[in-house]
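Each chain, letter by letter, is given below.
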Amino acid sequence: MEAMAQPKYKGRRYRLDKPELLAPAGNLEKLKFAVHYGADAVYIGGQKYGLRSNADNFSFEEMKEGVEFAKKYGAKVFVATNIYAHNEDIEGIESYLRSLDEAGITAIIAADPAIIEVAKRAAPKLEVHLSTQQSTLNWQAVKFWKDEGLPRVVLGREASLEEIAAIKEHVDIEIEAFIHGAMCSSFSGRCVLSNHFTDRDSNRGGCCQSCRWKYDLFEDGREEQEHWVSEEQQLMEQPAPAPSPFKPGVTQIPLFQPEDNQFTMGSKDLCMLEHIPDLIEVGIDSFKIEGRMKSIHYVATVVNVYRQAIDSYMADPDHYVLKPEWIEEINKAANRPLNTGFFYDTPDHEDHIYEPEEKAVPYDFAGLVMEYDEHSGTAVIQQRNHFKPGDEIEFFGPEGTFFKQTVGPIQDENGIELDAARHPLQLIRMKVDQPVRHFDMMRKRKG
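Residues numbered from 1 in each chain as written. Predicted model: local features only at pLDDT ≥ 70, side-chain atom pairs only at ≥ 80, totals over all residues. Heavy atoms only, no water.

Looking at an unreviewed UniProt entry, one finds the protein chain named U32 family peptidase, with Paenibacillus lautus as its source organism.

(A) Molecular detail of empty space enclosed by the protein. Under the criterion given, the structure shown has two cavities of 30 Å³ or more. Looking at the lining of the largest cavity residue by residue, the class counts come to nine nonpolar, two polar and one charged. Taken as a whole, the second largest cavity encloses approximately 40 Å³ of empty space. Lining the second largest cavity, in full, are H180, D269, Y298, I330, A333, A334, N335 and L338. Looking at the lining of the second largest cavity, its residues break down into five nonpolar, two polar and one charged. (1 Å grid on protein atoms, 1.4 Å probe; cavity = no way out; pocket = protein on both sides within 12 Å on 5 of 7 lines; lining within 4 Å. Points joined across faces, edges and corners; volume = space filled by probe spheres on them. Nonpolar A, V, L, I, M, F, W, Y, C, P; charged D, E, K, R; others polar.)

(B) Structural context of the nonpolar core. Ranked by internal contacts, the top residues of the largest apolar core, which has 97 residues, are V42, I276 and Y306. Looking at this core, the element that brings in the most residues is helix 11 (residues 296-315), giving eleven residues. When residues of this core are assigned to domains, at least three map to each of domain 1 (20-190 + 266-344) and domain 2 (363-445). In terms of nonpolar packing, the next biggest core, distinct from the first, is built from 17 residues, I381, I393, L418 and V432 among them. (Core = buried A, V, L, I, M, F, W, Y, C linked by side-chain atoms within 4.5 Å. Buried < 20%, exposed > 50% of the residue type's maximum accessible area, 1.4 Å probe, protein only. Helix = DSSP H or I, 4+ residues; strand = E, 2+ residues; numbered from the N terminus. Domains from an automatic or database assignment.)

(C) The arrangement of the packing of helix 4 (residues 93-102) against helix 5 (residues 113-122) in detail. Closest axis-to-axis distance for the helix 4/helix 5 pair is 9 Å, and the angle between their directions is 60°. When the axes of helix 4 and helix 5 are compared, the pair comes out oblique. Handedness of the crossing formed by helix 4 with helix 5: right-handed. Only I115, V118, A119, R121 and A122 of helix 5 make contact with helix 4, whose side of the interface consists of I93, E94, L97 and R98. Here the contact of helix 4 with helix 5 is built from residues that sort into six nonpolar, no polar and three charged. (Axes fitted to C-alpha atoms, helices over the stretch in contact; angles between N-to-C directions. Parallel < 35°, antiparallel > 145°, perpendicular 65-115°, else oblique. Left-handed = near helix turned anticlockwise from the far one by under 90°. Contact = heavy atoms within 4.5 Å.)

Listed below in structure tokens is the structure:
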């Protein structure tokens, strides 16, 4: 591919010579994969005060283990405490923050000024990073938080590159920005659909992703119903009017055909892989990947690709090229169509998903490499999803491992030949076409 165009903006990073790659970790295993695959830091949730109450989340003991593991690789661990607190949420926050400090956590990510002030008083060694939930988008707001003593601001997803350039010009502070993952249909995640539909508070960790549901359209009314029935009475396949659950005695009139696709309000996912030079040169200090609820395969794949791209650009900016295989890899982890969010322009109707979308070929995490014998060319694979001889698979890993092969004969730990690897975490021995390492992953197409 041709070399990339020169970035338009120039900005200076605050404390880091190289942008930090910040990865999500919904549990301890995901944390280890994220670090192994190249994350400089990970963000996790504790069992209180975070916005992903449905993630596995971490006990204090797991946090300590995660911190010790991360330290071995020079990585840091941040904890999201980014709820908007009600009065009943405040009780216990001091002891919770002190426990985070004792566990070795580097920073908390917070939005509520009450939590920020408690942290500064009760656990002064903990850095406080301002959460994206604060919707910070301009340099004067960033300066306000710098004056409050915060070393880093996580910008709202609505910030453009031009706005980031202005922030870096006016304020000497670390800027963290989301560069990959799901985008909220609401403004910086401030949504109450979940509250109304399921009584789960979006801003206290309970979001049920109502915008991702499938919807049909109805109209309430009696006169319209009579007109609609008389006009369409010959189309007997039309859905019959149904009583409205919202207005007793009022009939719902379908505004759709039976063959119509249901729609969602979901936005396309963010992906800035093709614009790494712009992100680096504008001066963003931390590149944040969304997805504490995502799979191990997703975390490892996305972190691995961005790690390679960042390192490649930093090693030789003038001769940097975007490799097609990076894009191919990202698409293997994609859940939805991808776009560039607000970085270059304001998204419009084409950046939302209103009907079933084309999806990339999905892949399953089939196995984890545990051992490799270079003399026999045999690997010990820990099974993570069903596979069998004859399956087409891929190996990939954090140190450049990537190759495809067909699964040959497989054996269990006792040398007994198997017709398939069916049992979760079962150890399987098989020949591999190229050398592999511990923590390399094996995947296969679904279906």
